[in-house]
Amino acid sequence: MKIGLILSHDGLAGIWTSGCQGAALLAAAELNAAGGVLGQEIELVEVDSGETQDSAFQAAQRLAIDENIDAAIGLQSSDLRPAVRRGLCGLAPYIYTPHYEGGFCGPGTAQLGITDAEVLNPSLDWMVSHRKARRFFFVGNDYIWPRAAHGTTMDAVRRVGGHFIGDALLPFGSRDYAEILDRIRKARADVVVIAMLGEDSICFNRAFAEAGLSSTITRLNLAFDEMQLLALADGGTENLFAAQAYFDTSRGHGRDALVERYDACFSGRRPSMTANSVQCYDAIFLVAAIARQVGRIDGCRMAHFLRPRLQRDLAYRMIGREADANVRLAEADGVDFVVRRAFVS
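Below or above, wherever it landed, is the structure these notes cover.

**Some thoughts on the packing of aromatic side chains**
Here is step 1: Applying the stated criterion across every chain, the model contains 11 aromatic pairs.
Here is step 2: Measuring from centroid to centroid gives 6.3 Å for Y143 and W145, while their planes differ by 65°, and the two rings are edge-to-face.
Here is step 3: A relative accessible area of 4% means that Y143 is categorised as buried.
Here is step 4: Seen from their ring centres, Y281 and F285 are 5.1 Å apart, and the 45° between their planes marks the pair as tilted. Here Y281 pairs with F285, and both are found in helix 10 (residues 275-294), just 4 residues apart, close to one helical turn. The same class applies to Y281 as to F285, namely buried.
Here is step 5: Of the aromatic side chains, those joined through ring pairs into one cluster are Y94, Y96 and Y100.
Here is step 6: The positively charged end of R81 is found above the aromatic ring belonging to Y96, 4.9 Å away from the centroid.

Next up, the structure:
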């Protein structure tokens, strides 16, 4: 059984690649040790999706046609997701793993990531109750996920009785934040919601702290994990929050044993597990579960099985474990996140 692992090896999302590769390798090894999938051993085929829609399409097409994969697992930005799906041509199911904007991602696709609405509604309510926040500002990259997160943030602010006081959408790779930081300061924001991809989020958070805003303004980062936090550990973490289903300090659902196996396997040669790597691990098991449900290893039939939307809780029941329905709101403390509250979504 050939499973394609399509990741952005460089660029803004490249920070997660090594950990996702390691988690997928571990999952495949565990399934193979247990007899494989329907008697077939899993072989992983890795490709770089690149950073453009064309490169993502070509990478997915290479997997589907040249490599004849049975399924694909991918972590890429939302603007590349349709290109990957088109490149697969319905010849293999596509398991999309990261935090995303929500909604159905198209026939033949399953989503394992948590969504903006699941994160923002309880987190902003907590900010109002525990931080007396009233004034909210939004900053994101200018592409599909942050644009959708912008609207979700406005709805969540309205729901908690706050005031949405400003926004900014920046192109990928922008490093001139002076004007935006000045706008945030003048708007007297209590909370800045940040929806930026990978390395862009690191750079903006670092500039935010260097501008002296972190002592008085709370940041709530979406799709932000320990890998990014580690890059800010030299002083950019004051009043920094993130919300995820998984943090290394609050694993839940039997993940302690998984982390022990991961650490034993790679012994510090790969980054620690984060939400993204956990979901890549789970995605391998979901592919195996779909094959068993279909009754044979057949990419077309497995993709057809995903023509209607597969809800995340059902996907996890197919894997054989309950989805962790908790959203954890965590505050940075050095290179770790300390969970302040867990919400049932």
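Moving on, there is more to tell.
**With respect to the packing of helix 2 (residues 53-66) against helix 3 (residues 81-88)**
Here is step 1: At a minimum axis separation of 7 Å, helix 2 and helix 3 run at an interaxial angle of 30°. One way to sum up the angle between helix 2 and helix 3 is to call them roughly parallel. Considering how the two elements wind past one another, helix 2 and helix 3 form a crossing that is right-handed. Within the contact between the two elements, helix 2 uses Q53, A56, F57, A60, Q61 and A64 and helix 3 uses A83, V84, R86, G87 and L88.

**Quick word on the sheet that holds strand 12 (residues 336-344)**
Here is step 1: Taken in spatial order, the 7 strands line up as 7-6-8-9-10-11-12 in an open sheet, and their pairing is mixed. Of all strands in the sheet, those bounded by a partner on one side alone are strand 7 (163-170) and strand 12. Neighbour-to-neighbour, the strand axes of the sheet open up by a mean angle of 20°, direction not taken into account.

**Examining the pattern of salt bridges**
Here is step 1: A complete count under the given rule lists 15 salt bridges for this structure.
Here is step 2: Residue R147 is joined to D142 by a salt bridge in which the shortest nitrogen-to-oxygen separation is 3.0 Å.
Here is step 3: Close ionic contact of K186 with D182 constitutes a salt bridge, the shortest N to O distance being 3.1 Å. Highlighted residues: K186 and D182, both in helix 6 (residues 178-187), separated by 4 residues, approximately one helical turn.
Here is step 4: The exposed category is assigned to K186, whose relative accessible area is 64%.
Here is step 5: Given a relative accessible area of 28%, D182 falls into the partly exposed group.
Here is step 6: Through salt bridges with shared partners, one network takes in R131, E331 and R340.

**Considerations on the state of the cysteines**
Here is step 1: Per the stated rule, a full pass over the model turns up 0 disulfides.
Here is step 2: With no disulfide of its own, C105 lies 15 Å from the sulfur of C280, the closest cysteine sulfur.

**Quick word on helix 4 (residues 116-131)**
Here is step 1: Within helix 4, the full set of buried residues consists of D116, E118, V119, L120, P122, S123, L124, W126, M127 and V128.
Here is step 2: Where helix 4 ends, the next residue or the one after it, K132, has phi of about 55°, a positive value.

Cut-offs used in this document
- Residues numbered from 1 in each chain as written.
- Predicted model: local features only at pLDDT ≥ 70, side-chain atom pairs only at ≥ 80, totals over all residues.
- Heavy atoms only, no water.
- Phe/Tyr/Trp six-rings, centres within 6.5 Å; stacked < 30°, edge-to-face > 60°.
- Buried < 20%, exposed > 50% of the residue type's maximum accessible area, 1.4 Å probe, protein only.
- Helix = DSSP H or I, 4+ residues; strand = E, 2+ residues; numbered from the N terminus.
- Lys NZ or Arg CZ within 6 Å of the ring centre and 35° of its normal.
- Axes fitted to C-alpha atoms, helices over the stretch in contact; angles between N-to-C directions.
- Parallel < 35°, antiparallel > 145°, perpendicular 65-115°, else oblique.
- Left-handed = near helix turned anticlockwise from the far one by under 90°.
- Contact = heavy atoms within 4.5 Å.
- Pairing = 2+ DSSP bridges.
- Salt bridge = Lys/Arg side-chain N within 4 Å of Asp/Glu carboxyl O.
- Disulfide = S-S within 2.5 Å.

Keep in mind these values describe shape, not function.
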